[in-house]
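Survey of secondary and tertiary structure
Residue-level listing of the chains:
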Amino acid sequence: MEIETGPLAGEVREKNVEMDDGENEHKNENMKGEEYAYLDATGFTSELFKIEVRNLPKYYGIGELKKLLNVKMKLSTNKIKIMKPGSPFIFICFRNQEDREAAIKCLDGFKWKGKELSAFEAKPAPDPLIRRRKEASAAEGEPLNVKRRTVEASATSLAYLPYEEQLKQKQSEIENVLQKFGKELWSSIPSLRSYVEEQRKDHAGLPCAFEPIRASPLTNGYRNKCEFSIGKDAQGVKRVGFRVGSYSNGFLEVESIMHLKHIPECMKQTVTVFEEFVQASALEVYSAETYQGYFRQLTVRMSHATGQVMVVVGVHLQSLSEEEQKALKASIVECLTSEAGKKAGICSIYFEVIQKRQQGQYTNPIEHLYGETHIEDKILGLTFRISPQAFFQINTPAAEVLYQCAIDVAVPDKNTSILDICCGTGTIGLCFARHCKQVLGVDIVAQAIEDAKHNAERNGLDNCKFFAGNSDDLIMSLIRNANIMPDQQESLVAIVDPPRAGLHIRSITQLRNARGLNKLVYVSCSPQSAIKNWVDLMRPCSKQLRGEPFVAKKAIAVDLFPHTPHTELVILFEREMDTETGNATDAVLDEQPNNEPQPVENTH
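Residues numbered from 1 in each chain as written. Predicted model: local features only at pLDDT ≥ 70, side-chain atom pairs only at ≥ 80, totals over all residues. Heavy atoms only, no water.

1. Quick look at the overall build of the chain
Within the chain one finds 17 helices and 24 strands. Evaluated residue by residue, the chain yields a buried proportion of 55% over its 604 residues. Here the contacts in the chain between residues at least 6 apart in sequence split such that 70% fall between residues at least 24 apart. Of the roughly 26,400 Å² of accessible surface on the chain, 50% is carried by carbon and sulfur atoms. (Helix = DSSP H or I, 4+ residues; strand = E, 2+ residues; numbered from the N terminus. Buried < 20%, exposed > 50% of the residue type's maximum accessible area, 1.4 Å probe, protein only. Contact = heavy atoms within 4.5 Å. Areas by Shrake-Rupley, 256 points an atom, 1.4 Å probe, with all protein chains shown as cover.)

2. Some remarks on the pairing of strand E24 (residues 568-574)
Across a regular strand the side chains alternate sides, sitting on one face of the sheet and then on the other. Among the seven residues of E24, six are classified as buried, and the element is accordingly described as predominantly covered. Sheet topology places strand E22 (residues 517-524) next to E24; six bridges connect them, and they run antiparallel. Bridge pairing in E24 places Val 521 opposite Leu 572. As defined by bridge partners, strand E23 (residues 551-558) adjoins E24 across seven bridges and the pair is classed as antiparallel. Across the sheet, Ile 556 pairs through a bridge with Val 570, a residue of E24. (Pairing = 2+ DSSP bridges.)

3. What to know about the pattern of salt bridges
Once their charged atoms are close, side chains differing in charge can pair, the charge on each being opposite to the other. Considering all chains together, one arrives at 19 salt bridges under this definition. Residue Lys 113 pairs with Glu 64 through a salt bridge whose shortest N-O separation is 2.7 Å. Of this pair, Lys 113 sits in the loop between strand E5 (111-112) and strand E6 (115-116) while Glu 64 sits in helix H2 (residues 62-72); the two residues are 49 residues apart in sequence, bridging distant segments of the chain. Lys 113 gets classed as partly exposed once you look at its relative accessible area, which sits at 37%. Relative accessible area serves as the criterion here: at 15%, Glu 64 is assigned to the buried category. (Salt bridge = Lys/Arg side-chain N within 4 Å of Asp/Glu carboxyl O.)

4. Brief notes about the confidence of the model for the chain
When the pLDDT values of the chain are averaged, the result is 84; 82% of them are 70 or greater. Predicted confidence in the chain is weakest over strand E1 (residues 17-19), with a mean pLDDT of 37, and strongest over helix H9 (residues 265-280), with 98. Low pLDDT (under 50) marks residues 1-32, which in the prediction has 91 contacts with non-local residues, meaning those over four places away or in another chain. Low pLDDT, under 50, characterises residues 142-146; the stretch is placed with eight contacts to residues that sit more than four places away or in other chains. (pLDDT = per-residue confidence, 0-100.)

5. Here's the deal with the nonpolar core
Counting 53 residues, the largest nonpolar core has Leu 178, Phe 181, Leu 520, Tyr 522, Trp 534, Leu 569 and Phe 573 as the members making the most contacts within it. Tallying contributions element by element places helix H7 (residues 163-188) first for this core, with seven residues. The residues contacting Leu 178, other than those within four sequence positions of it, are Leu 206, Pro 207, Phe 210, Trp 534, Ala 555, Leu 569 and Ile 571. Counting 46 residues, the second-largest nonpolar core is a separate cluster that includes Leu 382, Ile 394, Tyr 403 and Cys 464. (Core = buried A, V, L, I, M, F, W, Y, C linked by side-chain atoms within 4.5 Å.)

6. Focus on helix H12 (residues 396-410)
The end-to-end C-alpha separation of H12 is 21 Å, in line with the 21 Å expected for 15 residues at 1.5 Å each. Those residues of H12 lying buried are Thr 396, Ala 398, Ala 399, Leu 402, Tyr 403, Cys 405, Ala 406, Ile 407, Val 409 and Ala 410. Where H12 terminates, the next one or two residues include Val 411, which has phi positive at roughly 50°. (Expected span 1.5 Å × (residues − 1).)

Written as structure tokens, this is what we have:
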């Protein structure tokens, strides 16, 4: 999993959680004027039905919060706006006054994680674009321009450094994260202080061994997926590229990506072909300021193994008739299948309707227009099918390095069963399959499970089972399904590759409470956000965490994102043999409720 900011932020998995700078949320501003014109202009905005919730606990995950609001409390939230991860206050938007009042009634005084929440109505936020422009006008343009960056600085902030220097910087930054992990262990778990101090002496101040960072085999042109914005540059020319700022910073310009090092040539060719089409079209590009226009986004996926290119054109239909829509789709296919399109490798075309999402809808409608429905890529000799909306590591050659590191630290053998938690399309688990007895994977996205099953069959791997469902509920069922035999020296290893917010505490609890599970490999795309998970894995036994604690043994950073500040981290956790049974591979599970859900294979 990747986490990117700036122009690539559209690839972050939590798409319906929006960030809000919150800068003027608490000011009693005049509700009339340009800053609030959008409230009438848009026809509907959830800013009209917003609440503020305060006194949130110090540690909580976005997924955990959404589950509390939408599942447990059954509130009809439309948007969650957070200031920063772990913020003590948030804003929640609704579709109408009735839903807002119901939410306040439920949340005000509700106790969550030892904190009593307070909830009350909040005023709509002023339009940040208009606000910034007013500031610029009053100060002769300075506030607006101070945050403007080049597209190179926005998308590839480390590209100015030689690659070896980039690696040194990333190694140092991950060392800082591990030092913070050690400090958190030392301060929050007094019983571990002597252990942490011993580890620091042995590992240069770190709580575990830290190996040298693994470089990406490919440093330029490595991205296999990009989401390009469609808009206008500073001169008003229609462009397909990346935004150099954000709406809240006061500018919407889209600039060319032709000089960016991490984008492959076939993508640049595809962008050129479609940019010429947009410039020649009578249809305008979409404007986030006026909510008018049609062309919004171009998603391009490519395969390093085959050279295939998949294109997804994102359009706001506005009031186009059926005939006009049909003509638009035909013209898109004609453009992308031209000689220039074929030269770029385009073999698959989709049409995405970008619209206001309804409650419970997490993706936009998508229609296949031309060519292949999927493209294929290879990792560690295995072939993987990639669908338009599937998650796949964006640096395929470096993903091989990442997965091989996970295999190397796990050291599986033919008596090892692998639990692949948050398995996605099965890439990690399938790479393990040739080295172990069996793989059992779980993911909440049903389509991802379909892809995982196809990929297992495509590669002739018959020792893999994948289940659709929430890992928070199904980990124990997966362990039972593994049916390991302790008397035959069989072992159980968990591989977790969660979204950026990390695992829910329920997943941590089940992993801790599962006897026989004595090794866990944690793959983190956001190491800073995963520290709480790591600390919980190492906490002493308690009423909730009944199983013996894990211990961090080894960490390895892998550079999946050259020229950017982002880095993946693999940490091996192990725990000693069960002191009660004296058997490190005892597969007996702690008692679970009788209504424990059993995983059922997805048969869609």
